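In case you want the letters, here they are:
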There are 2 protein chains.
Amino acid sequence: MEIVEVSPRDGLQNEDRTLSTEDKLELVARAARTGVRRIEVTSFVRPDRVPQLADAAEVVAGLPDTGVAHSALVLNARGYERAVAAGIREVTTLVLASDTFSQRNQGMTTAEAVEAVRDIRARGRADGVTVAVTIGASFGCPFEGEVPDERFRSVAARVADLDADEVCLADTIGVAVPSDVETRFGVLAELSPSVPMRIHLHDTRNTGVANAVAAVRSGVRALDASLGGIGGCPFAPGASGNVATEDVVYTLHRMGYDTGLDLDECLEHARWVTDRLGVAPSGRLASVGGFPA
Amino acid sequence: MEIVEVSPRDGLQNEDRTLSTEDKLELVARAARTGVRRIEVTSFVRPDRVPQLADAAEVVAGLPDTGVAHSALVLNARGYERAVAAGIREVTTLVLASDTFSQRNQGMTTAEAVEAVRDIRARGRADGVTVAVTIGASFGCPFEGEVPDERFRSVAARVADLDADEVCLADTIGVAVPSDVETRFGVLAELSPSVPMRIHLHDTRNTGVANAVAAVRSGVRALDASLGGIGGCPFAPGASGNVATEDVVYTLHRMGYDTGLDLDECLEHARWVTDRLGVAPSGRLASVGGFPA
């Protein structure tokens, strides 16, 4: 199971305190020391919407060449162009599973978002840039509630048609349970048998680790997590953020899965970033440590 | 899956603030309103060791007759006698899986603890009192660390020989992961094919919900949980307590399992008890609520 460290993007995006560019680069450098092979370093979105990441180009310009892949989130062609101009060679794009959420977040329907990603996908092919697609709110929507099976299947079929390098199902508001993970990745695998699958988890309702376990057992190859579980959830004030990298690493390692990450390094840097943000760790491991020696 | 509400016992036992007898009875009454059918109401142990529960007999004397089963924890014949004299008809006894922990907690080896339970079991048969056995630290010990497979099997075999009404495996220090739950309940089911199995979980390392899911899928029929996730862990200062009833109920219900509990009632009483104790809820649901309507 590959861990994708998303604290510099999804984590920082939802925190009140904005880190300096220097601190962001320090976070990326520390994340690399955990052993992770892919880090989502920022997003190229409207700075008036996400002021925490307004320095996206400066962050990318300052990235060290450590052999770790650096990806960025983009929502449209403009963001894609800015990301590539800054030096990004791997982007994640977003299609929200419900129209209401898509309209509110991106000002377009789900079908229009699919077409925006199709355009980015074509540009990516021309530029040699890797393009992943995340289906946001795959397990529930903050506005519409349930995302029915047939709706999910229809969106996943449109996304499958894009022939992306990777498809990620995101539990954007942290409502999924393991049976949801198993069912929806089953649909995805049926529609796109050869595409690598990734999951993006929030621990909002304490199901993050259970969902990570369900995912690894469902053939999901990569998992988004954040050091310290930073990030919160914009739709649940006061909630925890992404599932904590260190909590997932503890669980997967004890289950015999190799992530390539070092738990002690994770704990050190989880404590560093939460201290820097002035928040308590949202995961559990950073407070209590691993298995007693 | 039957939820056993243990907040009045394991929850209160590990909190700094001691509730009044009246508040304890209020907690039991509120727990009953969630729809739970069994509540561990107190323990009959040495009041100098667990001052929070020194009023065990007064609590039992004040219990309403609501049709809900009321159990108590006892560690030896003296505790059993006090419990039965107070009116308890269902006890849980304890055998710790490691000798070091057993010596420190109960002043006897694991083998001696098994004999103490054998005595309680005989008394229970004579008195018509139900006797469950918990194997504490089934997944890890705060002093010895790993509890090896052969050690667990040996302890489980001794416990199987007691022919108890129920056997519970406890993750006393909150280190278990789902594969541990599956493996150790598999051993238990092999040794005692007909005994009802129960699990006792702490969410210390954020694996509580994942372990609950693994348990229900492994044929475990009952699960100990605490409203608000109260209780902490005496071996991990600042840690969360038992897995939160409301978090488990959310997850199991969304997976299609019926617990008989009402989530809104759980949330209300989780908030009440944490407010009464002056602590933040340790589970997630009490802060963010259930699936968005």
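This text follows the structure it describes.
What counts, and at which threshold
- Residues numbered from 1 in each chain as written.
- Chains lettered and ligands numbered in written order.
- Predicted model: local features only at pLDDT ≥ 70, side-chain atom pairs only at ≥ 80, totals over all residues.
- Heavy atoms only, no water.
- Contact = heavy atoms within 4.5 Å.
- Buried area = accessible area lost by both parts, 1.4 Å probe.
- Salt bridge = Lys/Arg side-chain N within 4 Å of Asp/Glu carboxyl O.
- Polar contact = N/O pair within 3.5 Å; in protein donor to acceptor, adjacent residues only side chain to side chain.
- Helix = DSSP H or I, 4+ residues; strand = E, 2+ residues; numbered from the N terminus.
- Least-squares fit on C-alpha atoms with pLDDT ≥ 70 in both.
- Pairing = 2+ DSSP bridges.
- Axes fitted to C-alpha atoms, helices over the stretch in contact; angles between N-to-C directions.
- Buried < 20%, exposed > 50% of the residue type's maximum accessible area, 1.4 Å probe, protein only.
- 1 Å grid on protein atoms, 1.4 Å probe; cavity = no way out; pocket = protein on both sides within 12 Å on 5 of 7 lines; lining within 4 Å.
- Points joined across faces, edges and corners; volume = space filled by probe spheres on them.
- Nonpolar A, V, L, I, M, F, W, Y, C, P; charged D, E, K, R; others polar.

Novice: How would you sum up the interface of chain A and chain B? Please name residues and give values.
Specialist: Taken together, the contacts link 37 residues of chain A with 37 residues of chain B. For the pair chain A and chain B, the summed buried area comes to about 3,100 Å², and 53% of that belongs to carbon and sulfur atoms. Together, A:R205, A:N206 and A:R284 form the three largest contributors to the area buried by chain A at its contact with chain B, with a combined 23%. Our count for the contact surface shared by chain A and chain B stands at six salt bridges. The closest approach of N and O atoms between B:E146 and A:R254, which form a salt bridge, is 2.6 Å. The tally of links between chain A and chain B comes to 18 residue pairs in polar contact (both at pLDDT 80 or more). If you list the elements that add at least two residues to the side of chain A that touches chain B, you get helix 8 (178-191), helix 9 (208-216), helix 10 (245-254) and helix 12 (285-288) of chain A.

Novice: Just give me the short version of the relation of the copies chain A and chain B, but keep the residues and values in it.
Specialist: Overlay of chain A on chain B (RMSD 0.0 Å): rotation 180°, translation along the axis 0.0 Å. The relationship between the two copies is best expressed as a two-fold rotation axis. Across chain A, the rotation axis passes nearest the C-alpha of A:A210, at a separation of 2.0 Å. When you check the interface residues of chain A against chain B, 100% turn up at the interface there too, and the contact is symmetric in its surfaces.

Novice: Which residues make up the sheet that holds strand 7 (residues 197-200) of chain A, and what are the values?
Specialist: All names here are of chain A. Strand order in the closed barrel made by the eight strands is 1-2-3-4-5-6-7-8, with parallel pairing throughout. Averaged over all pairs of adjacent strands, the angle between their axes in this sheet comes to 30°, without regard to strand direction. Summarising the sheet, strand 1 (residues 2-5) and strand 2 (residues 38-44) pair through two bridges and their orientation is parallel. Bridged to V4 within strand 2 is R38.

Novice: Describe the pairing of strand 8 (residues 222-225) of chain A, listing the residues and the values that go with them.
Specialist: Residue and element names in this part refer to chain A. Where burial is concerned, the two faces of strand 8 agree: the one with A222 and D224 and the one with L223 and A225 are both buried. Both strand 1 and strand 8 contribute to a ladder of four bridges, which runs parallel. Within the sheet, the bridge partner assigned to V4 lies in strand 8 and is D224.

Novice: Before we move on, could you go through the sheet that holds strand 1 (residues 2-5) of chain B and cite the residues and values that matter?
Specialist: Residues and elements named next belong to chain B. Taken in spatial order, the eight strands of this closed barrel run 1-2-3-4-5-6-7-8, and their pairing is parallel. Taking each pair of neighbouring strands and ignoring which way they run, the sheet shows an average axis angle of 30°. Two strands pair when backbone bridges link them, and strand 2 (residues 38-44) and strand 3 (residues 69-74) are joined in this way by six bridges, in the parallel orientation. In the strand pairing of strand 3, T42 is matched with A72.

Novice: Can you tell me about the layout of surface pockets, naming the residues and giving the values?
Specialist: Residue and element names in this part refer to chain A. There is about 830 Å³ of room inside the second largest pocket. Lining the second largest pocket we find 37 residues, and of these Q13, V50, L75, L94 and N105 sit closest to its centre. Every element with two or more residues in the lining of the second largest pocket is listed here: helix 1 (7-13), strand 2, helix 4 (77-86), strand 4 (90-96), helix 5 (99-106), strand 5 (130-136) and strand 7. Per-class residue counts for the lining of the second largest pocket are 14 nonpolar, 14 polar and nine charged.

Novice: If you had to explain the pattern of salt bridges to someone new, which residues and values would you point to?
Specialist: Inspection of every chain in the model, using the stated rule, returns 50 salt bridges over all chains. Its salt-bridge partner being B:E40, residue B:R198 comes within 3.7 Å of it at the nearest N-O pair. Residue B:R198 is found in strand 7 (residues 197-200), and its partner B:E40 is found in strand 2; the two are separated by 158 residues along the sequence. Residue B:R198 shares its accessibility class with B:E40, and that shared class is buried. Here the salt bridges share partners, and the residues they tie into one network are A:E2, A:R9, A:D10, A:R38, A:E40, A:E90, A:E166, A:R198 and A:D224.

Note that all results are geometric; they support no functional claim without further evidence.
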